[in-house]
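Breakdown of the fold
Here is what each chain is made of, one letter per residue.
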Amino acid sequence: MPSVFINTFGCQANKSDSERILGDYLSRGYVEVDNWRLADEIVINTCSVRQSAEDRVTGFLLNVDKFFAGSQRPKIILTGCMLHFNEKEIRTLLPQIDEILPIGEVGFNQKAIRKEKDKAFIPISSGCNSFCTFCIVPFSRGRERSRPIDDIVREVAELSKEGYTEITLLGQNVNSWGLEKVGVALRKMFMDKDTFNPDIIPSNQSQYFKPQDTPPFVTLLREISKIDGIQKISFFTSNPWDFWDELVDEISANPKIDRFIHLPVQSGSNRILKLMNRGYTQESYLDLINQIKAKIPDAVFGTDIIVGFPGETDKDFQDTLNLVKEVGFKVAFVARYSPRPGTVSAKLFPDDIPARIKKERWEILDQIANKDNLKSRPIVP
Ligand code: SF4
C-alpha cells in the first residue's frame, strides 16, 4: 500500500484541514506513516503568518533533499497558506514541490481522521473577506465560504454517536458564518497604491451589514446545542465586528457554550487599528468586552496582539498596554509584526520599528498579559 506523511505547520485550522487531507488519502488506499523518510508522498500543510513559519517549510525541504540525495525521494505536495504565492513563485521558492493542492479541493465534507476521541474540531467556514492590512489569509484562502448548516449538524450528530462530547467550530471569522460577503472589489482597491487611502479605508467588516433577524451563527449554535451527548461547544476565531448582541445573549443563556471567548484586538491604538483596517475602535472593543462581562460574569477572554506594526509609537503601544490591563485577558498571543509579501501593509507601510523595540514591547506585553496571569490561565481551545 502507498504511504503518506503529513507535516502540518501553523494554527488549529491547518490541523483540522490535515485531518481531512488524511481522510482523503486513506479513502484512496494509502496508509499513514509517522516518519517522512518512509513515506511515498509527503504533504506539507503550510503557514504564512510569519516569515519564520515559511522558513520552517524551507528548512524541512532542505532536510528531505539532504536525506534523499542521489536516491528516489517521495513525491512532495504543498498546501495551506503558502498558496498565496502563485505557482511560478512557489516553484522558484521551493523547487522540490511536485504538486500543489488547494485546500478547497479536499472539501468540508471529506471524512476527517481524528486522533482525539472526545474532542473534535469542525471547520464551518473557510477564507476571509475582512482584509486586515497585515493578513495574508484573504489571499491565501480566498473569499469566505460557509459550510451548509445541514452538513455541519450532521457531522456533529455523527461525532456525538461516536462518543465525542466537546466540539470546537472553526473559521477564520467564525462568527460571520452564513453572512457571505463580497470582497473582490475591495481587494482590488486595497492592492492598488493609487486608490489606497488609510483615512477612507472602506471596511468590509460585517458590522455594516448587521442582519435584521437572528444572526446565522446564533441559529447554528442553537441547532448544535440540541444534539444529545454534546456537552461543550467552543468556537474560534471570533472577530469583534461580528460579535452581535444576540450572540452574547445566546452564550449567556446556553450552558453548553464555552465561557472562554477569544477576541483578537491586535492593537489598543485607534490610529493603528485604522491602519490595520480592523473596523472597530479601542472604545467600541471595550464596550463589547464590558457588555459580555455584564451578561456573562464567568466569561474569560483571550486575544491576539501585534506589536511593532509600522509607525507604532510609544503612545500607541501604551494604548495597547492600557487596554490589556483594563480587559484583564487570561491569555494573549503576542506577535512581533513581520511584513507578509502580498499584503497591503507590506506594500504600503515601511517596516520601520526596529527589531529591538519590537522585542522590548513583546516582552512587556507578554509579561503583563500572560505571565502575571499564569495561576488562573484557562484552557485555550
Ligand atoms: S479577520 Fe483579518 S486577521 Fe482574521 S483572517 Fe480575516 S483578514 Fe486575517
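Preceding this section is the structure that the text describes.
The shown structure was predicted, so the numbers you read here are calculated from the model rather than taken from an experiment.

This part takes up the nonpolar core. If you look at the biggest cluster of nonpolar residues, it comprises 60 residues, and the most contacted ones within it are Leu 169, Phe 217, Phe 235, Phe 243 and Ile 292. When neighbours within four sequence positions are excluded, Phe 217 is seen to be in contact with Ile 124, Leu 169, Val 174, Asn 175, Trp 177, Phe 235 and Leu 247. Within the second largest apolar cluster, 22 residues are counted, among which are Phe 9, Ile 42, Cys 47 and Leu 83.

In total, this model carries 11 aromatic pairs according to the counting rule given. Arranged with centres 5.0 Å apart and planes meeting at 80°, the rings of Phe 67 and Phe 68 form a pair that is edge-to-face. Phe 68 gets classed as buried once you look at its relative accessible area, which sits at 10%. With centroids separated by 6.1 Å and ring planes inclined at 70°, the aromatic side chains of Phe 309 and Phe 349 adopt a geometry described as edge-to-face. Placement of the pair is Phe 309 in the loop between β12 (300–307) and α11 (314–327) and Phe 349 in the loop between α12 (344–348) and α13 (355–369), with a sequence separation of 40 residues. Each member of the pair, Phe 309 together with Phe 349, is buried. Cluster of aromatic residues (ring-pair linked, three or more members): Trp 36, Phe 60, Phe 67 and Phe 68. Taking NZ or CZ as reference, Arg 28 lies 4.5 Å from the ring centre of Tyr 25, over its face.

Attention now goes to the packing of helix α5 (residues 149–161) against helix α7 (residues 216–225). Between α5 and α7, the shortest axis-to-axis distance is 10 Å and the interhelical angle comes to 30°. Here α5 lies roughly parallel to α7, going by the angle between them. For the crossing formed where α5 meets α7, the hand is right-handed. On α7, the residues that touch Ile 149, Ile 152, Val 153 and Val 156 of α5 are Leu 220, Glu 223 and Ile 224. Partitioned by chemical class, the residues of the contact of α5 with α7 number six nonpolar, no polar and one charged.

Another point: the sheet that holds strand β11 (residues 260–262). Within the open sheet, the three strands sit side by side as β11-β12-β13. Their pairing is parallel. The sheet is open, and its two borders are formed by β11 and β13 (331–336), each paired with just one other strand. Each neighbouring strand pair of the sheet contributes to a mean axis angle of 15°, computed without reference to strand direction. Sheet topology places β12 next to β13; six bridges connect them, and they run parallel. Paired with Asp 304 across the strands is Phe 333, a residue of β13.

Now for the sheet that holds strand β10 (residues 232–236). The three strands are arranged β6-β9-β10 in an open sheet whose pairing can be described as parallel. Looking at the sheet topology across the chains shown, the edges are occupied by β6 (119–123) and β10. Neighbouring strand axes in the sheet, compared pairwise and without regard to direction, differ in orientation by 20° on average. Here helix α1 (residues 12–27) sits on the sheet in contact with β6 and β9 (166–170), set at roughly 90° to β6. Along the sheet, α5 contacts β6 and β9; its crossing angle with β6, the most-contacted strand, is approximately 170°.

Attention shifts here to the pattern of salt bridges. All chains considered together, the criterion is met by 24 salt bridges. Of the charged contacts in the structure, one is a salt bridge between Asp 249 and Lys 295, with a shortest N-O distance of 2.9 Å. A residue pair is termed long-range when its members are at least 10 positions apart, and Asp 249 in helix α8 (residues 245–253) and Lys 295 in helix α10 (residues 282–295) qualify at 46 residues. Under the relative-accessibility criterion, Asp 249 is labelled partly exposed at 37%. Connected through shared salt-bridge partners, Glu 19, Arg 114, Arg 147 and Glu 155 make up one network.

On to α11, then. Look at α11: 20 Å from first C-alpha to last across 14 residues, which is about the 20 Å you get at 1.5 Å a residue. Of the residues making up α11, those classed as buried are Asp 316, Phe 317, Asp 319, Thr 320, Leu 321, Leu 323, Val 324 and Val 327. Next to the buried residues of α11 lie α9 (270–276), α10, β12 and α13. A positive backbone phi angle near 75° is found at Gly 328, which sits one or two residues after α11.

As a further point, take α10. Look at α10: 20 Å from first C-alpha to last across 14 residues, which is about the 20 Å you get at 1.5 Å a residue. Among the residues of α10, those classed as buried are Gln 282, Tyr 285, Leu 286, Leu 288, Ile 289 and Ile 292. Down the axis of α10, the sector holding all buried residues measures 155°, keeping them to one side. Pointing more than 90 degrees away from the buried face of α10 are the exposed residues Asp 287 and Ala 294. Residues of α10 that are buried make contact with α8, β11, α9, β12 and α11.

About the thresholds
Residues numbered from 1 in each chain as written. Predicted model: local features only at pLDDT ≥ 70, side-chain atom pairs only at ≥ 80, totals over all residues. Heavy atoms only, no water. Core = buried A, V, L, I, M, F, W, Y, C linked by side-chain atoms within 4.5 Å. Buried < 20%, exposed > 50% of the residue type's maximum accessible area, 1.4 Å probe, protein only. Contact = heavy atoms within 4.5 Å. Phe/Tyr/Trp six-rings, centres within 6.5 Å; stacked < 30°, edge-to-face > 60°. Helix = DSSP H or I, 4+ residues; strand = E, 2+ residues; numbered from the N terminus. Lys NZ or Arg CZ within 6 Å of the ring centre and 35° of its normal. Axes fitted to C-alpha atoms, helices over the stretch in contact; angles between N-to-C directions. Parallel < 35°, antiparallel > 145°, perpendicular 65-115°, else oblique. Left-handed = near helix turned anticlockwise from the far one by under 90°. Nonpolar A, V, L, I, M, F, W, Y, C, P; charged D, E, K, R; others polar. Pairing = 2+ DSSP bridges. Salt bridge = Lys/Arg side-chain N within 4 Å of Asp/Glu carboxyl O. Expected span 1.5 Å × (residues − 1). Arc of directions from axis to C-beta.

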